[in-house]
Every structure is written in structure tokens, then in C-alpha cells.
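So you can see what is in the structure, the chains are spelled out below.
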Amino acid sequence: MTMKSNILGLPLPQAISLFTFLLAIISIWVHMEIRLAELNVEITNLKQDLLLHKTDNTRNFDIIRSDIKADTKEILKRIDEIQIYLRNPKQP
């Protein structure tokens, strides 16, 4: 009579297969947790970059708006000068 090895009531090959399967599941779960943590860090960095660029863009838009306003005033001033010149009768 030969004695067969049993681990937890399973033959040795099945026990090894079950152990390997459980290790694979645990490995996949750990890998997914690590990847999720990396993604969370990346999302946090992107949010910080977005806020930084948003404030920079707001500042740039304010500068551009003030430049346009100044340029528009200058153009309107010159248009007024041209209209005054055209309205005055020419004197000989």
C-alpha cells in the first residue's frame, strides 16, 4: 500500500495548484492597489497644475484686457481727432 500526500485534504498537485492560484490573485490585487495609488498621485498633480495654470491664465487675461482697453482708447482718440479735422471747414 502506498501512502499519498494530502495537504488540507487535497492531493499534493491540487494543493500546489490552489496555492499558486491564490498567490496569483493576491499578486494581481497588490498590483492593482499600487497602480491605483499611482493614479491618485497623478490626478492630484494634475489638479495642482490645473490650478496653477488657471491663475496664470487669469493674470494673463487681465493684462491682455488692460492692453486692449488702452489701445482702444488710443484708437478712439485718434478717430475723434480725424472727425474734428474733417468737420472743420478748410480755410484758404
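Before reading further, recall that the structure is shown in the block above.
Quantities reported herein were computed from a predicted structural model and do not represent experimental measurements. (Residues numbered from 1 in each chain as written. Predicted model: local features only at pLDDT ≥ 70, side-chain atom pairs only at ≥ 80, totals over all residues. Heavy atoms only, no water.)

Asks: Break down the overall build of the chain for me, citing the residues and quoting the values.
Replies: Each helix and strand in the chain was counted, giving one helix and two strands. For the chain, the sequential pattern of α-helices and β-strands runs β-β-α. In summary, the chain has a C-alpha radius of gyration of 39 Å against a globular reference of 12 Å for 92 residues, an excess of more than 25%. Each principal axis of the C-alpha distribution contributes one length, and for the chain these read about 140 × 15 × 10 Å. Counting over 92 residues, the chain shows a buried share of 1%. Per element, the accessible surface of the chain, about 9200 Å² overall, is 66% carbon and sulfur. (Helix = DSSP H or I, 4+ residues; strand = E, 2+ residues; numbered from the N terminus. Rg over C-alpha atoms; globule rule 2.2 N^0.38 Å. Buried < 20%, exposed > 50% of the residue type's maximum accessible area, 1.4 Å probe, protein only. Areas by Shrake-Rupley, 256 points an atom, 1.4 Å probe, with all protein chains shown as cover.)

Asks: How would you explain the pattern of salt bridges if you had to name every residue and give the values?
Replies: A complete count under the given rule lists four salt bridges for this structure. As a salt-bridge pair, glutamate 38 and arginine 35 come within 3.1 Å of each other at their nearest N and O atoms. Separated by three residues within a single helix, glutamate 38 and arginine 35 lie in helix α1 (residues 12-87), roughly one turn from each other. Residue classification places glutamate 38 among the partly exposed positions, given a relative accessible area of 41%. (Salt bridge = Lys/Arg side-chain N within 4 Å of Asp/Glu carboxyl O.)

These values are about where atoms sit, not about what they do.
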